[in-house]
Amino acid sequence: MIYDGKEGDIINQYVVFTKVYSEQIATYGRTRRAILESIRICKDKNVLKEYLEGREKEVVDIMMVLYDEQEVMRSYIESEIYEARIEIANEIETELPTKMATELATEMLKNNEPLEKIMRYTKLSKEEIKKLAEL
């Protein structure tokens, strides 16, 4: 029977179950043990007791599948974030120093520094420096 969330009705029992499960996740992480402990505690407290006794294996299986799906999604998101960070780091590593080298070379060209000195300080090629000199 579904009522209005008063103690003992199915909605209240489900809310209690989710609170117990959250507490167990905090203790054991998202593990099978957290699920089994949640079921044990709820049965002891007479929360969803009949349902859990009759379908414990099914509840565990469903919750593990949900956990596995969440874990796969979390892992995917973490890998995407990791890849994005590497990509950004690579861009910074290559583009930023190149920009700084270009600015330094331009300044050195303005001061009539020798080509070899500009190449040594900026690590730019002779061709790159000549292109900058033409600008």
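In every chain, residue numbers begin from 1 and rise along the written sequence. Local features are withheld for residues below a pLDDT of 70 in this predicted model, meaning they are given only at 70 or higher, and side-chain atom pairs are given and counted only at 80 or more; totals for whole chains, interfaces and linings count all residues. Only hydrogens and water are set aside when side-chain values are computed; all heavy atoms of the structure are taken into account.

Quick look at the overall build of the chain
Now for step 1: Think of it this way: any DSSP run of H or I at least four residues long counts as a helix, any run of E at least two long counts as a strand, and we number them from the N terminus. Summing up its helical and strand segments, the chain has five helices and zero strands in all.
Now for step 2: Starting at the N terminus, the α and β elements of the chain follow one another as α-α-α-α-α.
Now for step 3: Taking 2.2 N^0.38 as the reference for a compact globule, 135 residues should give roughly 14 Å; the C-alpha atoms of the chain span a radius of gyration of 32 Å, well beyond that estimate.
Now for step 4: If one aligns the C-alpha atoms of the chain with their principal axes, the spans along those axes are about 90 × 30 × 20 Å.
Now for step 5: Buried, partly exposed and exposed residues are distinguished by accessible area as a fraction of the type maximum, computed with a 1.4 Å probe on protein chains only: under 20%, between the cut-offs, and over 50%, respectively. For the chain, buried positions account for 22% of its 135 residues.
Now for step 6: Taken as a whole, the chain presents about 10300 Å² of accessible surface, with 55% of it coming from carbon and sulfur.
Now for step 7: Two residue types count as positive, namely Lys and Arg, and two as negative, namely Asp and Glu; His and chain ends fall outside the count. Taken as the charge centre is NZ of Lys, CZ of Arg, CG of Asp or CD of Glu, depending on the residue. Across the chain, the 21 positively charged side chains and the 28 negatively charged ones have centroids separated by 3 Å. Based on C-alpha atoms, the radius of gyration is set beside the globule rule, defined as 2.2 Å times the residue count to the power 0.38. Surface accessibility in these figures is a Shrake-Rupley result with a 1.4 Å probe; residues are shielded only by whichever protein chains are displayed.

A short note on the nonpolar core
Now for step 1: To define a nonpolar core, start from buried Ala, Val, Leu, Ile, Met, Phe, Trp, Tyr and Cys residues and group those joined through side-chain atoms within 4.5 Å. Ranked by size, the top nonpolar core spans 17 residues in total, and within it F17, I35, I39, C42, L52 and M63 carry the most contacts.
Now for step 2: Elements that contribute at least two residues to this core include exactly α1 (10-28), α2 (32-44) and α3 (49-110).
Now for step 3: In terms of residue count, the dominant contributor to this core is α3 (six residues).
Now for step 4: By definition in these notes, contact holds between two residues if any of their heavy atoms fall within 4.5 Å. With residues near it in sequence (within four places) discarded, F17 still touches S38, I39, C42, V47, L48, L52 and M63.

Quick notes on the packing of α1 against α2
Now for step 1: Axis definition: a line fitted to C-alpha atoms, limited for helices to the stretch in contact. Angles are taken between N-to-C directions and run from 0 to 180 degrees. Across the interface, α1 lies against α2 with an axial gap of 8 Å and an inter-helix angle of 140 degrees. With respect to α2, the axis of α1 lies oblique. In the crossing of α1 with α2, the sense of the turn from one axis to the other is right-handed. In this structure, α1 contributes F17, V20, Y21, Q24, I25 and Y28 to the contact, and α2 contributes R33, A34, I35, E37, S38, I39, I41 and C42.
Now for step 2: Throughout, the ten residues Ala, Val, Leu, Ile, Met, Phe, Trp, Tyr, Cys and Pro are labelled nonpolar, Asp, Glu, Lys and Arg are labelled charged, and all others, Gly among them, are labelled polar. Here the residues of the contact of α1 with α2 are counted per class, giving ten nonpolar, two polar and two charged. Here roughly perpendicular refers to angles of 65 to 115 degrees, roughly parallel to angles under 35, roughly antiparallel to angles over 145, and oblique to all remaining angles. Left-handed is the label given to a crossing in which the near helix is rotated counterclockwise from the far helix by less than a right angle, and right-handed is the label when the rotation is clockwise.

Quick word on the side chain of T122
Now for step 1: You can see T122 is positioned in helix α4 (residues 115-122).
Now for step 2: Accessibility expressed as a relative area gives 7% for T122, which makes it buried.
Now for step 3: In this structure the side chain of T122 is engaged in a polar contact, spanning 2.6 Å, whose partner is the backbone oxygen of I118.
Now for step 4: If we skip the residues at most four places from it in the chain, T122 touches A101, L104, A105, M108 and I129. Under this definition, polar contacts are N or O atom pairs within 3.5 Å; protein pairs additionally need one hydrogen-donor-capable and one acceptor-capable atom, and for neighbouring residues in sequence, both atoms have to be side-chain atoms.

Considerations on a negative patch on the surface
Now for step 1: Negative charge collects at one region of the surface, where E80, E83, E87 and E91 lie side by side.
Now for step 2: Following the sequence through the fold, E80 ends up in helix α3. Here the term patch refers to residues with relative accessible area over 30% and no salt bridge, with like charges joined within 9 Å and nonpolar side chains (Val, Leu, Ile, Met, Phe, Trp, Tyr) within 5 Å. One side-chain nitrogen of Lys or Arg within 4 Å of one carboxyl oxygen of Asp or Glu is enough to make a salt bridge.

All we've got here are geometric facts, nothing functional implied.
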